[in-house]
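Analysis of the macromolecular model
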Amino acid sequence: MNNMAVSEPQKKNRIQVSNTKRSLFFYVNLAKRYMQQYNGVELSALGMAISTVVTVAEILKNNGFAVEKKIRTLTVDMRDEPGARPIPKAKIEVVMGKTEKFDELMAAEAEQTGDEE
């Protein structure tokens, strides 16, 4: 899965989620930081990692941090190695934006953990 034949430029606020590399709450906390920095975040995943994106989005939504702005599903052709036959993979992109209560919730969370910035 080295060569991805997608000609989209890398977005600054995009998190490409893997279901093996990091814990669920790593992605939840990273998404919160991206929303602080960019006012929104795009969560993206392929194949088996799609459920991780959905779970992260639901945690952010259910805790009042984010609202879904756009959900897109598609199939992309992946090649395991150059010259190999393309294998279709499911892909999801979920764009989330800050809620009105986001900054208030982040301040309360920082106060609770003693991470005041």
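Residues numbered from 1 in each chain as written. Predicted model: local features only at pLDDT ≥ 70, side-chain atom pairs only at ≥ 80, totals over all residues. Heavy atoms only, no water.

Turning next to the pairing of strand β2 (residues 14–17). Note that β2 and strand β3 (residues 40–46) share four bridges and pair parallel. Within β3, the residue paired with Arg14 across the bridge is Glu42. With helix α1 (residues 24–38) bridging β2 and the parallel β3, this β-α-β connection has right-handed handedness. (Pairing = 2+ DSSP bridges. Helix = DSSP H or I, 4+ residues; strand = E, 2+ residues; numbered from the N terminus. Right-handed = clockwise from strand over helix to strand, strands pointing away.)

Right, let's talk about the pattern of salt bridges for a bit. Considering all chains together, one arrives at seven salt bridges under this definition. Across the pair Arg14 and Glu42 runs a salt bridge, and its minimum N-O distance is 2.9 Å. Here Arg14, found in strand β2, pairs with Glu42, found in strand β3; they are 28 residues apart in sequence, far enough to count as distant. Across this residue pair, the class does not change: Arg14 and Glu42 are buried. In this structure, the salt-bridge partner of Glu93 is Lys91, at a minimum N-O distance of 3.3 Å. Here the two residues Glu93 and Lys91 agree in accessibility, since each one is buried. (Salt bridge = Lys/Arg side-chain N within 4 Å of Asp/Glu carboxyl O. Buried < 20%, exposed > 50% of the residue type's maximum accessible area, 1.4 Å probe, protein only.)

Turning our eyes to something else, we now look at the environment of Pro88. Inspection of the secondary structure puts Pro88 in strand β5 (residues 87–98). Under the relative-accessibility criterion, Pro88 is labelled exposed at 55%. In sequence terms Pro88 and Asp77 are 11 residues apart; their C-alpha atoms lie 4.5 Å from each other.

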